[in-house]
Amino acid sequence: MSSAAADPAPYYRAHVFACTNARPEGHPRGSCARRGSEKLRNYMKARAKELKIEGVRINNAGCLDRCELGPVMVVYPEGIWYAVRTFEDVDEVLQTHLINGGRVERLMLRPEETEREQIAARVGEAAE
């Protein structure tokens, strides 16, 4: 088994996975795609390029299994999960997390959160 000291340097300093999974209309768990995740991911990619954020890769992901809270994104290597609803939310994640190295507390998802209502007030939306 190799040691961490022998591991190569990461190719990206940060990797963002945006769930774009689509479930059928009316599925009880919902889906990120049906809540606009593709346009948010596309906007994030374009804004990151405009802002010349280097060393960051923004990808779509299949189901991240937090459908009820979607659209969701996760930033690695930290493993910080965000509920992102608007272009302004995306801008805040880009600026605060990816540029400044901080966290967007109001958008962060906690492991114990499993229902949309738990985060709706924090992210400034009405629960479905």
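Here the structure is a predicted model, which means the values were calculated and not measured. (Residues numbered from 1 in each chain as written. Predicted model: local features only at pLDDT ≥ 70, side-chain atom pairs only at ≥ 80, totals over all residues. Heavy atoms only, no water.)

A. Summary view of unusual backbone geometry. Here the bond from Gly70 into Pro71 is cis, since omega is 0°, no more than 30 degrees from zero. With respect to the helices and strands, Pro71 occurs in the loop between strand S2 (56-61) and strand S3 (72-76). Cis geometry is found at the peptide bond from Tyr76 to Pro77, where omega equals 25°. Mapped onto the elements of the fold, Pro77 is located in the loop between S3 and strand S4 (80-83). Non-glycine residue Lys52 carries a positive phi angle of around 55°. With respect to the helices and strands, Lys52 occurs in the loop between helix H1 (37-50) and S2. Unlike most non-glycine residues, Asp65 shows phi in positive territory, near 65°. (Helix = DSSP H or I, 4+ residues; strand = E, 2+ residues; numbered from the N terminus.)

B. Expanded view of the packing of aromatic side chains. Under the counting rule described, the total for this entry stands at 3 aromatic pairs. Centre to centre, the rings of Phe17 and Tyr76 are 6.1 Å apart; their planes meet at 65°, and the pair counts as edge-to-face. Of this pair, Phe17 sits in strand S1 (residues 14-19) while Tyr76 sits in strand S3, and the two are 59 residues apart along the sequence. Residue Tyr76 is classed as partly exposed on the basis of its relative accessible area of 36%. On the basis of an interplanar angle of 20° and a centroid distance of 4.2 Å, the ring pair of Tyr43 and Phe87 is categorised as stacked. In this pair, Tyr43 sits in helix H1 while Phe87 sits in helix H2 (residues 87-99), placing the two residues 44 residues apart along the sequence. The exposure class assigned to Tyr43 is partly exposed, which follows from its relative accessible area of 21%. Over the face of the ring belonging to Trp81 we find Arg66, whose NZ or CZ atom lies 5.1 Å from the ring centre. (Phe/Tyr/Trp six-rings, centres within 6.5 Å; stacked < 30°, edge-to-face > 60°. Buried < 20%, exposed > 50% of the residue type's maximum accessible area, 1.4 Å probe, protein only. Lys NZ or Arg CZ within 6 Å of the ring centre and 35° of its normal.)

C. Representation of the side chain of Asn59 in the model. Tracing the backbone through its elements, the reader meets Asn59 in strand S2. Side-chain polar atoms of Asn59 contact the side chain of Arg57, separated by 3.3 Å. Leave out the neighbours within four places in its chain, and Asn59 touches His15, Val16, Phe17, Ala18 and Arg41. (Polar contact = N/O pair within 3.5 Å; in protein donor to acceptor, adjacent residues only side chain to side chain. Contact = heavy atoms within 4.5 Å.)

D. The pattern of salt bridges, seen in detail. Scanning the entire structure with this criterion turns up 8 salt bridges. The residue Arg47 makes a salt bridge to Asp91 at a minimum N-O spacing of 3.2 Å. Here Asp91 lies in helix H2 and Arg47 lies in helix H1, a separation of 44 residues in the sequence. A salt bridge links Arg106 to Asp89; its shortest N-O distance comes to 2.7 Å. Within this pair, whereas Arg106 is found in the loop between H2 and helix H3 (116-123), its partner Asp89 is found in helix H2, the two being separated by 17 residues in sequence. Arg106 gets classed as partly exposed once you look at its relative accessible area, which sits at 29%. One continuous salt-bridge network, built from bridges that share partners, spans Arg29, Asp65 and Glu68. (Salt bridge = Lys/Arg side-chain N within 4 Å of Asp/Glu carboxyl O.)

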